[in-house]
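Observations on the model geometry
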Amino acid sequence: MGIRNGGRRRINRGVGLAILGIGLGVKSLWAAPAISPYPLRKDGLSGPDIASIQRGFVVFDTVCARCHSVKYMRFDDLKALGLTDDQVKQIAGRHSIEHPTEHPAGSLSSLNPLGEAGPKSRPAGRWDYFPSPFRSEEEAKRANNGALPPDFSSFAAYWPGGASRIEAFLQGYRPAPEGEKVPIGSYYNIYAKNHSTDMPPPLQVGAIHDRDGHALSLAQQAHDVSSFLEWVAHPHLIERRQWGISATLYLIFVGVCIFLLKRRLWLLAQKSRSKEE
Ligand code: HEC
């Protein structure tokens, strides 16, 4: 019996070690140096920083929107960031909607009520979806050396590494080190898959200013635009965080009440026991 048990234990241990070995093997394959580790974003305890998301929208609108779309965002969605109707109208009015185009998100507002004969474009309104820079994927690729700039509607949610990696990526361009070749028309970036991307470095110091006219540093622009992309991909982030804070405060309140009540009952129970004695 004892010998058989011991044997089984040894077999079990062997199988365990084999599984561990395979696990480690898979892990090291998985962790092959395709994506270098990137620093994690530092978000305050207070949750999404609305001022940063707002500045990030400006970075997106001024720089990234030349190549990338956010086809599921309406201008009116910006009101969740605290902008007023008028501010949203003003921002929308700086963009134009081309006619007639069928919007992938099915926006009625992008259909030309006047048909082909009508004006070719009109200023965007609050309810329009943010217009895409290219009419089709083919046109986008043609303008970008064959690479397709991804749509940003849910990009930060599905791209491995999310907002943290986007922030690092925008600051990850370097001259290619000796021995590492980058294909013609591609750029060396330490946070890109295989260190190579077809997106030219998009950010420049001095391209974006804050409300007081100070130029935003490259790190600040990268942080802000990744805040914006994270918010676009999770539009309920702000409400969820606010709900979370309210729920936590409520639970703390209930906890304190229960504690006080328990102490009260305990004291009463002790008193009545000492009376009985
Ligand atoms: C000149 C056009 C252009 C501009 C401007 C631009 N991008 Fe891109 N972006 C591209 C292209 C093209 C790709 C696809 C690259 C690829 O597949 O290698 C891309 C891909 C990306 C990727 C994924 C990287 C990868 O290698 O897959 C991220 C992240 C990104 N862009 C963020 C941004 C942000 C944020 C901005 C604004 C600050 C921006 N881009 C501005 C063209 C652009």
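Residues numbered from 1 in each chain as written. Predicted model: local features only at pLDDT ≥ 70, side-chain atom pairs only at ≥ 80, totals over all residues.

What follows covers the overall build of the protein. Looking only at helices and strands, the protein has eight helices and four strands in total. Split into buried and exposed, the 277 residues of the protein put 21% on the buried side. For the protein, the share of sequence-separated contacts (at least 6 apart) that also reach a separation of at least 24 residues comes to 64%. (Helix = DSSP H or I, 4+ residues; strand = E, 2+ residues; numbered from the N terminus. Buried ≥ 20, exposed ≤ 12 C-beta atoms within 10 Å, placed from the backbone. Contact = placed C-beta atoms within 7 Å.)

This paragraph deals with the environment of lysine 42. Here lysine 42 lies in the loop between α1 (2-30) and α2 (50-62). Taking the number of C-beta atoms within 10 Å as the measure of exposure, lysine 42 has 8 and is therefore exposed. In this structure, the C-alpha to C-alpha distance between lysine 42 and serine 164, residues 122 residues apart in sequence, is 8.6 Å.

What surrounds the ligand is a group of 21 residues, the closest being Cys64, Cys67, Thr197, Asp198 and Met199. The class makeup of the residues in the shell around the ligand is 16 nonpolar, three polar and two charged. (Near = placed C-beta within 6 Å. Nonpolar A, V, L, I, M, F, W, Y, C, P; charged D, E, K, R; others polar.)

On to the UniProt feature "binding site: heme c" (unreviewed entry) in the protein. Sites flagged by UniProt as "binding site: heme c" (unreviewed entry) map to Cys64, Cys67, His68 and Met199. What stands out for the annotated residues spanning 136 residues is how close their C-alpha atoms remain, the widest pair being 10.8 Å apart. Summarising the element assignment, cysteine 67 is placed in the loop between α2 and α3 (85-93). Discounting residues that sit within four places of it in the chain, cysteine 67 has contacts with Pro133, Asn144 and Pro149. Within the fold, histidine 68 resides in the loop between α2 and α3. Ignoring any residue separated from it by four or fewer positions in sequence, one finds histidine 68 in contact with Pro149, Pro150, Asp151 and Phe152. (UniProt positions renumbered as here; feature names shortened; annotations may be inferred.)

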